Amino acid sequence: MISVNARPYPFSFDPAHTAVLMIDMQRDFLEPGGFGALLGNDVRPLARIVPACQTLLALARHHGLAVIHTQEAHDPLLADCPPAKKARGRLACGIGDAGPLGRVLVAGEPGADFIPALQPEPGDIVVRKPGKGAFHATALDNILRHRGIRHLLVGGVTTEVCVQSTLREANDRGYDCLLVHDCAASYFPHFHEAVVEMVVAQGGIVGWAAPLSAVQAALEESHA
Ligand code: TIU
């Protein structure tokens, strides 16, 4: 077992039973003209985590952890998009509409793709999801169980929406979750900080949190 110096206490995992779960690092959330920007957000702060996410994925591949990318996107008919989700925000250009990055949050459109720096590599798993949580209406739980994965190192965007929803869904299903907090970001820095504190409060009631450096140190020590 590998032990990461985490809050509220060390997070232990066996690399053979662990996945990095990278949430929704898509152009629609990180680039101008995408869904995040159409919601009225300044998307620029999200770019800051990209190098750390690249390092986390490289570490995972090097040390034999599974790599799973999630992608929030709908089929072109929006058959998997609840009308309430499409209506939310009363956007002039919202889900399914033609925007600067193609149809917003629609699979196969440029905006739904992963950013160039974090494209999936051969052997990585991609899970398309219609909701904010990655377990809702997806095969993720089956995928993890079939591979014997019990621990998740979680990063991506946004911390308080899809990352937190997924982390809570995973926790309820019995997975141990470490939020790699400098590999996650929000359009609202105070929401990001609040989520980190929520996760580790009450004895780590929904998980653990640690910086990438702690994960890296633990993995490298295990190979020393
Ligand atoms: N709007 C926002 O903060 N997030 C989302 O809509 N999706 C994800 O977090 N991926």
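Structure shown above.
Conventions and cut-offs
- Residues numbered from 1 in each chain as written.
- Predicted model: local features only at pLDDT ≥ 70, side-chain atom pairs only at ≥ 80, totals over all residues.
- Heavy atoms only, no water.
- Salt bridge = Lys/Arg side-chain N within 4 Å of Asp/Glu carboxyl O.
- Helix = DSSP H or I, 4+ residues; strand = E, 2+ residues; numbered from the N terminus.
- Buried < 20%, exposed > 50% of the residue type's maximum accessible area, 1.4 Å probe, protein only.
- Phe/Tyr/Trp six-rings, centres within 6.5 Å; stacked < 30°, edge-to-face > 60°.
- Arc of directions from axis to C-beta.
- Contact = heavy atoms within 4.5 Å.
- 1 Å grid on protein atoms, 1.4 Å probe; cavity = no way out; pocket = protein on both sides within 12 Å on 5 of 7 lines; lining within 4 Å.
- Points joined across faces, edges and corners; volume = space filled by probe spheres on them.
- Nonpolar A, V, L, I, M, F, W, Y, C, P; charged D, E, K, R; others polar.
- Axes fitted to C-alpha atoms, helices over the stretch in contact; angles between N-to-C directions.
- Parallel < 35°, antiparallel > 145°, perpendicular 65-115°, else oblique.
- Left-handed = near helix turned anticlockwise from the far one by under 90°.

Points about the pattern of salt bridges
Scanning the entire structure with this criterion turns up 11 salt bridges. Linking E197 and R7 is a salt bridge whose minimum nitrogen-to-oxygen distance equals 2.8 Å. Of this pair, E197 sits in helix α7 (residues 189–204) while R7 sits in the loop between β1 (2–4) and β2 (11–13), placing them 190 residues apart in sequence. We classify R7 as partly exposed; its relative accessible area is 40%. Linking R128 and D80 is a salt bridge whose minimum nitrogen-to-oxygen distance equals 3.4 Å. Placement of the pair is R128 in strand β7 (residues 125–129) and D80 in the loop between β4 (66–72) and α4 (83–87), with a sequence separation of 48 residues. Through salt bridges with shared partners, a single ionic network connects R61, E121 and D124.

Observations regarding the packing of aromatic side chains
In total, this model carries 6 aromatic pairs according to the counting rule given. Taking 6.2 Å as the distance between ring centres and 80° as the angle between the ring planes, the aromatic pair formed by F29 and F35 counts as edge-to-face. Both residues of the pair, F29 and F35, count as buried.

Digging into helix α8 (residues 212–222)
Of all the positions in α8, only L212, A214, V215, A218 and L219 are classed as buried. Down the axis of α8, the buried side of the element spans an arc of 165°, and every buried residue falls inside it. In α8, the exposed positions that point more than 90 degrees away from the buried face belong to S213 and E221. As for α8, its buried residues are in contact with β1, β2, α3 (50–63), β8 (151–157), β9 (176–185) and β10 (208–210).

What to know about the layout of surface pockets
Quantified by volume, the largest pocket comes out at close to 390 Å³. What lines the largest pocket is a set of 21 residues, among which F35, L39, E72, K132 and V161 lie closest to the centre. When residues of the lining of the largest pocket are traced back to their parent elements, those giving at least two are α2 (35–38), α4 and α6 (159–172). Here the residues of the lining of the largest pocket sort into 10 nonpolar, 5 polar and 6 charged. The calculated volume of the second largest pocket comes to roughly 160 Å³. Lining the second largest pocket, in full, are P45, L46, R48, I49, H181, D182, A184, A185, S186, P189, H192 and E193.

A short note on the packing of α3 against α8
Relative orientation of the contacting elements α3 and α8 amounts to 20°, with a least axis distance of 11 Å. One element, α3, and the other, α8, form an angle in the roughly parallel class. The handedness of the crossing between α3 and α8 comes out as left-handed. From α3, A52, T55, L56, L59 and H63 reach across to α8, where they touch L212, V215, Q216, L219 and E220. Grouping the constituent residues of the contact of α3 with α8 by class yields 6 nonpolar, 3 polar and 1 charged.

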